[in-house]
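# Overview (structure and organization)
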Amino acid sequence: MFASRGAGPVIAGLAAVAAFAILLETAISVGLIGGFVVAPPTAIAAALPKFFAEEAVGRAFLLTFGSTFAAAALAALIGIPVGYALYRCQLLGRAYENWIGAMFSAPLILLYPMFLVVFGRTPAVCIAMGFLVGIIPVILKTREGLLAARPVLIDVARSFGASEREILRKVLLPAARPPIFTGLRLCLIYAMINVVGIEFLANLGGLGFLVGEMFDRYDIPAMYAALICLILTSALFYTLTGRAERWLGAR
Amino acid sequence: MALTVSGVSKTFAASDGGSVHALDDVSLEVREGEFVSIIGPSGCGKSTLFQIIGGLLTADRGDVQVNGRALNGAPRDIGMVFQEESTFPWRTVLDNVAFPLELAGLGKGEREDKARHFIRLVGLDGFERKFPDELSGGMRQRTAIARTLAFQPSILLMDEPFASLDEQTRILLGDKILQIWRELKQTTLLITHNITEAVQLSDRVAVMTYRPGRIKRVIEIDLPRPRSSEIIASAEFGRYVGLLWQDLREEATRGMADSERKAG
């Protein structure tokens, strides 16, 4: 029996991770998976103290976290108003929706040399690349959420004499909150992929650089330790957006 | 006169390139404190008339006057209750009911006090902190009514507020509406297609024709007040239902034939 309703999913999640680690360990030890490619979980665990002691993991985490957060914040700040504009101007919305969607599947990360020229070897390259890909789901999901708001709710507000600004703040944005947050989660995921990718490709520091560095040294357990740090960073973003959504919902 | 509708007409462009003449020269007057229902078959333009009176739609011809003043946009004098589920799902019952007071700029304490008063009036005390998805359909509609009453309009305009509810709940909520109407002496205009509901609640019932919507006849419901749903069992109630059905039957038949022709 779990101590509380809140602890249940966390314990279940940790149990699943533990079960996966045991399965992986067994598969590697019986030779089903090559230990040179995938490090056994026990080896990763053993490598963690040395990895944290010798590498500047804290600084790398802050760099990756900060760049991703800045890229996503910028994407939200610009993407939500753009999504609203495309909702208000239906013609533009219909005209640009497919183009913006198509950009999502374009390998924008390949543009990174140009960004290196513009911004130099600074975190601004990661932020710009993260922003570029992160803004797309924010725009699309904001427009989608606003379009899905039930017209009767707008009529209710209008019948009480609400201004357009009040309708936006008190009806449209709360009604569109779930899709907007889906867009923000996608934005964080894709921004982080780009940030880590650029850190890896251009040796710009951060967790992406650490993964590459460990691979270059052929320290496979430490490389997986760096990857685990990345997954934990991603999980942290997921938790933070969930809390932000609940906080906004409670207001 | 609390509400005067004079010669209102409305035509819409149809999807097939033609046009739909929804309302034609509709005129109606509602006196202060009166409960009037407009009844008509589906597609007769009742909801169009509701939107025009509420200021959400403009008439092609004619005008609407509220307390002697011509309508210009959504007026503060008219509170609308919509047919569709219209509570804000992200707000509690209390916050839903306080919504118009929030727009009016009232402080949190004052608007919550007022909202609680109207929540009590519709019999939802104890549910202030519940969200709409935790309530039944009838309770959600009562929340919407309380929200509109909190707006303190001089005219309450309702468009088939109980259309999605079962007959028994609808009759019981009719009792609740009668009780509120007695307490607030609220001028009320109800749009409905339900004959029983119209007779149970109204002082007068205006019957509309099928497309284009016109006022065919206005029938005075001379049943004693205060009323409750028990009146449904009386012979006099049955006589009014029969009278209204005589007028509506022809219109509803035309409406059905038109729908079948379009489907065929």
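Quick caveat, the model's predicted, so the values are computed rather than measured.

Broken down by element type, chain B carries 8 helices and 10 strands. The C-alpha radius of gyration of chain B comes to 19 Å, within 12% of the 18 Å expected for a compact globule of 264 residues. Across the 264 residues in chain B, those meeting the buried criterion constitute 52%. In the structure as shown, chain B presents an accessible area of about 11500 Å², 48% of it carried by carbon and sulfur atoms. The averaged location of the 37 negative side-chain charges in chain B is 1 Å from the averaged location of its 33 positive side-chain charges.

All right, on to the overall build of chain A then. Within chain A, the secondary structure is distributed over 11 helices and 0 strands. Written out in order from the N terminus, the α and β elements of chain A read α-α-α-α-α-α-α-α-α-α-α. Seen along its three principal axes, the alpha-carbon backbone of chain A occupies a region of about 70 × 55 × 30 Å. In chain A, which comprises 251 residues, the proportion classed as buried is 41%. Summarising the internal contacts of chain A: among those between residues at least 6 apart in sequence, 74% fall at separations of at least 24. Summed over its atoms, the accessible surface of chain A is roughly 13700 Å², and 72% of this surface lies on carbon and sulfur atoms. With 19 positive and 13 negative side-chain charges, chain A shows a spacing of 12 Å between the two charge centroids.

A separate point is the interface of chain A and chain B. By convention, interface size is frequently given as the accessible area that disappears when the constituent parts associate. Facing 17 residues of chain A, the contacting portion of chain B comprises 22 residues. If you sort the residues of chain A by the area they bury against chain B, Ser159(A), Phe160(A) and Lys170(A) come out on top, with a joint share of 40%. Connecting chain A to chain B are 1 salt bridge. Measuring nitrogen to oxygen at the nearest pair gives 2.7 Å for the salt bridge that ties Lys170(A) to Glu102(B). The set of elements that each furnish at least two residues to the side of chain A that touches chain B consists of helix H7 (151–159) and helix H8 (164–175) of chain A. By residue number, the principal contributor to the side of chain A that touches chain B is H7(A), which donates 7 residues. A breakdown of the residues in the side of chain A that touches chain B according to their chemical character gives 9 nonpolar, 2 polar and 6 charged.

Here the focus is the environment of Leu201(B). All names here are of chain B. Relative to the helices and strands, leucine 201 is located in helix H7 (residues 195–201). The sequence separation of leucine 201 and threonine 143 amounts to 58 residues, and the corresponding C-alpha distance is 20 Å. If sequence neighbours within four positions are ignored, leucine 201 has contacts with Phe35, Gly174, Ile177, Leu178, Leu190, Arg225 and Arg227.

The next subject is the sheet that holds strand E1 (residues 3–13) of chain B. All names here are of chain B. Spatial ordering of the open sheet is given by E2-E1-E4-E5, a layout of 4 strands whose pairing is antiparallel. Edge strands, defined here as strands with exactly one partner in the open sheet, are strand E2 (19–30) and strand E5 (69–70). Note: E1 against E2, 8 bridges, orientation antiparallel. Looking at the pairing, alanine 13 lines up with serine 19 of E2. Across the sheet, helix H1 (residues 46–53) touches E1, E2 and strand E4 (61–66), and the angle it forms with E1 is around 120°.

This part takes up the domain arrangement of chain A. Partitioning chain A into domains gives domain 1 (1–38) and domain 2 (46–249). For domain 1 of chain A versus domain 2 of chain A, the separation of C-alpha centres amounts to 28 Å.

Further remarks concern the pairing of E1(B). All names here are of chain B. Two successive antiparallel strands, E1 and E2, enclose a turn made up of 5 residues, where glycine 17 displays a positive phi of approximately 95°. Judged from the 5 bridges that link them, E1 and E4 form a sheet pairing that is antiparallel. Bridging from a neighbouring strand, serine 9 pairs with arginine 61 of E4.

Another point: helix H1 (residues 7–29) of chain A. Residues and elements named next belong to chain A. Helix length check: H1, at 23 residues, gives a terminal C-alpha distance of 33 Å against a target of 33 Å (1.5 Å per residue), a fit within 8%. Looking at the buried positions of H1, the neighbouring elements they touch are helix H2 (41–54). The first or second residue beyond H1 is glycine 31, which carries a positive phi of 90°.

About the cut-offs
Residues numbered from 1 in each chain as written. Chains lettered and ligands numbered in written order. Predicted model: local features only at pLDDT ≥ 70, side-chain atom pairs only at ≥ 80, totals over all residues. Heavy atoms only, no water. Helix = DSSP H or I, 4+ residues; strand = E, 2+ residues; numbered from the N terminus. Rg over C-alpha atoms; globule rule 2.2 N^0.38 Å. Buried < 20%, exposed > 50% of the residue type's maximum accessible area, 1.4 Å probe, protein only. Areas by Shrake-Rupley, 256 points an atom, 1.4 Å probe, with all protein chains shown as cover. Lys, Arg positive; Asp, Glu negative; His and termini not counted. Charge placed at Lys NZ, Arg CZ, Asp CG, Glu CD. Contact = heavy atoms within 4.5 Å. Buried area = accessible area lost by both parts, 1.4 Å probe. Salt bridge = Lys/Arg side-chain N within 4 Å of Asp/Glu carboxyl O. Nonpolar A, V, L, I, M, F, W, Y, C, P; charged D, E, K, R; others polar. Pairing = 2+ DSSP bridges. Axes fitted to C-alpha atoms, helices over the stretch in contact; angles between N-to-C directions. Domains from an automatic or database assignment. Expected span 1.5 Å × (residues − 1).

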